[in-house]
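# Results of the structural survey
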Amino acid sequence: MSDLERIEAAMEEKVRPALRSHGGDISIDHVEGKTVYVKLLGQCAGCPSADLTNETIVEAELKAALPDLVEKAVVVQTVSDELWEQAKKLLREHIDPSEARRQAREAAAEAARNSFEDVAREWYAKYSGQWTNAYKQAVIRILEENLFPHIGKRPINAITPKELLAAIRRVEERGALTIAHKALRDTGRIFRYAVVTGRAEHDIAADLRGALAPTANGHHAAITEPAAVGELLSKVYAYEGNFFISRALRLAPLVFVRANELIRAEWTEIDLEAAEWRIPAERMKMKQIHIVPLSRQALAIFRELHKKSGGGQFVFPGNRAGNDGPMYRGGPLRVLRQIGCATGEHTFHGFRSMASTLLNELGYNADWIERQLAHCERNGVRAAYNYAEYLPE
């Protein structure tokens, strides 16, 4: 018989009978040298000292029974009636309470290791190697900006559809409907990964289908009526908050590029002397190089930007600590809302529609307009010819 078994036997014979008569019990917490640390359970914590509930009498009984093993007894914890009843219920079901507590601790630790953020980053690491750099950064930014702050630390299997919807609604309510849909889409991908790896029971994002307002497929809200365009541009030029956002908004109607193409612009693409911006094919939606001739107004804005960020990689650098990438794509849209553009009235991407509508109405060559919008020719030879033909014009 081990020393611990001898102490347990002495506890059973000398100490427990009196405690149990009062509806309580005692258990060994641990043993250090010749000191036994015990827990008092149930009603015994309130019994008089004559009923062997204080450590002096427990110590006396154990020392008398095991003088070679025990010199001192210390009560380290008393357990409430409620917890004691739970323990007795487990015992009636032939479950060891200490083992149940150990399993509960392990389950809690496992849940902590399987937080939404942990599983999401694991999913991202596994699959992002197949994505373009722009797409990789867009996906992780949506997670870090919109989901991790609200549900990132929660065990993924404990998150409810209601919790997830609350996080997604925050994005929708600030007017970023497209980002809200992307956040919900990627959450579904993460939950499906959690299901196949045994960390979740089912994809709760699927329960939220139809919960968000639909996006307008193929159409971006845009102001195109000339008087309203003038009012909008006046507001854009009056905004002097974030420097880089203000200049992005001023450039957008001058260059007609897509939001991501503008926000991720790099200084290596800009030739101020030649008044030309060459966007490499890998950054373009149609995977063809795109040349943007720069007007004197656009050049003036790029020169302002060069004074601020010309020493770095990105024309519009991120302003958060530790962020060496471009600024957050949602920033310009947020400012449009601040200066009075309602949701559904005008988006950052809407500057392209604005330019197309007004230039077509003014009678400019439709081929020039389509070329500058990067609505590329599928025929590579014809596309190259059009570049050479239209640039002087």
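The rules behind the values
Residues numbered from 1 in each chain as written. Predicted model: local features only at pLDDT ≥ 70, side-chain atom pairs only at ≥ 80, totals over all residues. Heavy atoms only, no water. Helix = DSSP H or I, 4+ residues; strand = E, 2+ residues; numbered from the N terminus. Buried < 20%, exposed > 50% of the residue type's maximum accessible area, 1.4 Å probe, protein only. Polar contact = N/O pair within 3.5 Å; in protein donor to acceptor, adjacent residues only side chain to side chain. Contact = heavy atoms within 4.5 Å. Pairing = 2+ DSSP bridges. Phe/Tyr/Trp six-rings, centres within 6.5 Å; stacked < 30°, edge-to-face > 60°. Lys NZ or Arg CZ within 6 Å of the ring centre and 35° of its normal. Core = buried A, V, L, I, M, F, W, Y, C linked by side-chain atoms within 4.5 Å. pLDDT = per-residue confidence, 0-100.

All right, on to the side chain of Asp186 then. Of note, Asp186 is situated in helix α8 (residues 177–196). Residue Asp186 is classed as buried on the basis of its relative accessible area, which comes to 0%. Within the local environment of Asp186, its side chain forms a polar contact with the side chain of Arg189, the two groups lying 2.8 Å apart. Residues within four places of Asp186 in sequence aside, it is in contact with Tyr135 and Val139.

This part covers the sheet that holds strand β5 (residues 276–279). Here we have three strands laid out as an open sheet, ordered β4-β5-β6, and antiparallel in their pairing. The open sheet is flanked by β4 (270–271) and β6 (290–293), the only strands paired with a single partner. Relative to β6, β5 runs antiparallel, the two being bridged by four bridges. Bridge pairing in β6 links Glu276 to Pro293.

Given two aromatic rings, their pairing is described by the distance between the two centres and the angle made by the two planes. One pass over the full model with this rule turns up seven aromatic pairs. Aromatic side chains Tyr127 and Tyr193 sit 6.1 Å apart centroid to centroid with 85 degrees between the ring planes, which places their arrangement in the edge-to-face category. You can see Tyr127 sitting in helix α5 (residues 116–127) and its partner Tyr193 sitting in helix α8, a full 66 residues away along the chain. With a relative accessible area of 8%, Tyr193 lands in the buried category. One aromatic cluster in this structure is built from Phe116, Phe148 and Phe191. Above the face of the Tyr127 ring, Lys126 is positioned so that its terminal group lies 5.9 Å from the ring centre.

Right, let's talk about the side chain of Thr35 for a bit. With respect to the secondary-structure elements, Thr35 resides in strand β2 (residues 35–42). According to the relative accessible area criterion, Thr35 is buried, its value standing at 16%. Filtering out sequence-adjacent residues up to four positions away, Thr35 remains in contact with His30, Lys72 and Val74.

Let's shift gears to the nonpolar core. Counting 42 residues, the largest nonpolar core has Leu262, Trp277, Phe302 and Phe348 as the members making the most contacts within it. When residues of this core are traced back to their parent elements, those giving at least two are α9 (226–238), α10 (243–255), α11 (259–263), β5, α12 (296–309), α13 (330–338) and α14 (350–361). Among the elements that make up this core, the one with the highest residue count is α10 (seven residues). Aside from chain neighbours lying at most four places away, what touches Phe348 is Ala248, Leu249, Ala252, Ala259, Leu262, Ile263, Pro332, Leu333 and Leu336.

Our next topic: unusual backbone geometry. At Phe256, a residue that is not glycine, the phi angle is positive and equals roughly 65 degrees. Structurally, Phe256 is set in the loop between α10 and α11. Look at Phe256 and you get buried, because its relative accessible area is 13%. You will see that Ala275, though not glycine, has its phi angle at about 55 degrees, which is positive. Structurally, Ala275 is set in the loop between β4 and β5.

Taken residue by residue, the protein chain gives an average pLDDT of 79. The fraction at 70 or more is 77%. Mean pLDDT values over the elements of the protein chain span from 43, in helix α16 (residues 380–390), up to 94, in α5. Here residues 45–53 is modelled with pLDDT under 50, and outside its nearest four sequence neighbours on either side it reaches 20 contacts, counting other chains as well.

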